[in-house]
Amino acid sequence: MTDQYAVFGNPVKHSKSPQIHAAFAEQTGQELHYRAHKVEIGRFAEVARQFFGNGGKGLNITVPFKLDAFEFADDLSGRARQAGAVNTLAMEENGRIYGDNTDGVGMVRDIHENLGWELQDRRILILGAGGAVRGILGPLLKQRPRHILIANRTVEKARELAGQFAEMGEVNGCHYSDLAGGQFDLIINGTSTSMSGELPPLPSFILSNEGCAYDMMYGAHPTPFMSWAASETAWAVSDGLGMLVEQAAESFCIWRGLRPDTRPVMDMIRQSLSS
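Summarised in this report is the structure supplied together with it. (Residues numbered from 1 in each chain as written. Predicted model: local features only at pLDDT ≥ 70, side-chain atom pairs only at ≥ 80, totals over all residues. Heavy atoms only, no water.)

## Overview of the pairing of strand β11 (residues 207–215)
Part 1 of the argument: Judged by how many residues are buried, β11 sits mostly within the fold: 7 of 9 residues are covered.
Part 2 of the argument: The pairing of strand β10 (residues 184–189) with β11 spans 5 bridges and is parallel. When the bridges of β11 are listed, asparagine 189 appears paired with aspartate 215.
Part 3 of the argument: Bridge analysis of β11 against strand β12 (residues 236–238) gives 3 bridges, and the strand direction is parallel. Across the sheet, residue tyrosine 214 finds its bridge partner in β12, namely serine 238.
Part 4 of the argument: Taking the sense of rotation as the criterion, the β-α-β connection linking β11, helix α8 (residues 224–231) and β12 turns out right-handed. (Buried < 20%, exposed > 50% of the residue type's maximum accessible area, 1.4 Å probe, protein only. Helix = DSSP H or I, 4+ residues; strand = E, 2+ residues; numbered from the N terminus. Pairing = 2+ DSSP bridges. Right-handed = clockwise from strand over helix to strand, strands pointing away.)

## Comments concerning the side chain of aspartate 100
Part 1 of the argument: For aspartate 100, the position within the fold is in strand β6 (residues 97–100).
Part 2 of the argument: At 2.6 Å, the side chain of aspartate 100 and the side chain of serine 77 are in polar contact.
Part 3 of the argument: Setting aside residues no more than four positions away along its own chain, aspartate 100 makes contact with Ser77, Arg79, Ala80, Val86, Asn87, Thr88 and Ile254. (Polar contact = N/O pair within 3.5 Å; in protein donor to acceptor, adjacent residues only side chain to side chain. Contact = heavy atoms within 4.5 Å.)

## Brief notes about the nonpolar core
Part 1 of the argument: Within the largest apolar cluster, 27 residues are counted, with the highest numbers of intra-cluster contacts made by Leu140 and Ile188.
Part 2 of the argument: Those elements that place two or more of their residues in this core are α5 (103–114), β7 (123–127), α6 (131–141), β8 (147–151), α7 (155–164), β10 and β11. (Core = buried A, V, L, I, M, F, W, Y, C linked by side-chain atoms within 4.5 Å.)

## Points about the sheet that holds β10
Part 1 of the argument: Strand order in the open sheet made by the 6 strands is β9-β8-β7-β10-β11-β12, with parallel pairing throughout. On the outer flanks of this sheet lie β9 (171–174) and β12, each paired with one strand and no other. Geometrically, the sheet is characterised by an average inter-axis angle of 20° between neighbouring strands, direction not taken into account.
Part 2 of the argument: Set on the sheet, α6 makes contact with β7, β8 and β10; between it and β7 the angle comes to about 170°. (Axes fitted to C-alpha atoms, helices over the stretch in contact; angles between N-to-C directions.)

## Side note on the pattern of salt bridges
Part 1 of the argument: Enumeration over the complete set of coordinates arrives at 12 salt bridges.
Part 2 of the argument: Note that lysine 66 is salt-bridged to aspartate 103, the shortest N-O span being 2.8 Å. Residue lysine 66 is located in helix α3 (residues 66–72), and its partner aspartate 103 is located in helix α5; the two are separated by 37 residues in the primary sequence.
Part 3 of the argument: The shortest N-O distance in the salt bridge between arginine 96 and aspartate 75 comes to 2.9 Å. Here the residue arginine 96 occupies a position in the loop between β5 (88–91) and β6, and aspartate 75 occupies one in strand β4 (residues 75–76), the gap between them amounting to 21 residues.
Part 4 of the argument: Looking at arginine 96, the relative accessible area reads 37%, which means it is partly exposed.
Part 5 of the argument: Beyond isolated ion pairs, a larger network of salt bridges with shared partners links Arg79, Asp100, Arg109, Glu250 and Arg259. (Salt bridge = Lys/Arg side-chain N within 4 Å of Asp/Glu carboxyl O.)

## Observations concerning the packing of α5 against α6
Part 1 of the argument: Relative to each other, α5 and α6 sit at 55°, their axes nearing to 7 Å. Classified by the angle between their axes, α5 and α6 sit oblique to one another. Crossing of α5 over α6 shows right-handed handedness. Residues Gly104, Val105, Met107 and Val108 of α5 touch α6, and the partners they reach there are Gly135, Ile136, Pro139 and Leu140.
Part 2 of the argument: For the contact of α5 with α6, a count of residues per class yields 6 nonpolar, 2 polar and no charged. (Parallel < 35°, antiparallel > 145°, perpendicular 65-115°, else oblique. Left-handed = near helix turned anticlockwise from the far one by under 90°. Nonpolar A, V, L, I, M, F, W, Y, C, P; charged D, E, K, R; others polar.)

## Focus: the sheet that holds strand β3 (residues 58–61)
Within a beta sheet, neighbouring strands are joined by backbone hydrogen bonds and run either parallel or antiparallel to one another.
Part 1 of the argument: The strand order across the open sheet built from 6 strands is β2-β1-β3-β5-β6-β4, with neighbouring strands paired in mixed fashion. Strands at the two margins of the open sheet, each flanked by one partner only, are β2 (32–38) and β4.
Part 2 of the argument: The pairing of β3 with β5 spans 3 bridges and is antiparallel. When the sheet's bridge partners are listed, asparagine 60 is paired in β5 with threonine 88.
Part 3 of the argument: Most of the contacts of helix α1 (residues 17–28) go to β2, to which it runs at about 175°, and overall it touches β1 (3–9), β2 and β3.

Okay, here's the thing in structure tokens:
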């Protein structure tokens, strides 16, 4: 029987994961079947137990079930514990369910290896303090930036999140109104504003001369954040499509023990967005 994998989410119809993993499987000569499955709110544990009980090998988890997956896993990776969320579940040989979080390492790999941007000793500003940001903080801090500042509309949430990662490096939280006068080498948009066509309230002149801007969202066209960064004369701007493919490659490696070549898959997905 062909090994079964899936992505669980709600909504999930838009997911590119089936295309990505089908391409990985073809590239590496792996025989597997991967599908997108919409799970009703409140039924995650029930449906996940059924999936693994029927011989399923692994799951990707997207919104809004990453906390449910964290609770569901029998064993957790260090980065999953750190993030407090799981986006990858795998059936272990002993029958236990292993939970990991590949979001942060996927973004770091995209920024560092695909885009060629430096992270070490950089001044980094992260917009938002939700689950998406929690998942990337640990891997980012491992790259030894000079400091990270988390800006959020609710300043208490930003400061609380910063405090949870303070042992890994210099990381602080603030309100958007506190950003005027600061300057950063990299700004990462971890908010959902791009999905609604909006932009976080950012002051002008906060990008350094060689500053870069990265939106964790992606689409066929530049997001409002990317357009703002370009108007601020950012040295380089990118969306999060590479992060999507790289975190999927990390999941694939956990499941199959092989790391696929992500570049042709990124090109394929980018082309599908514009067609």
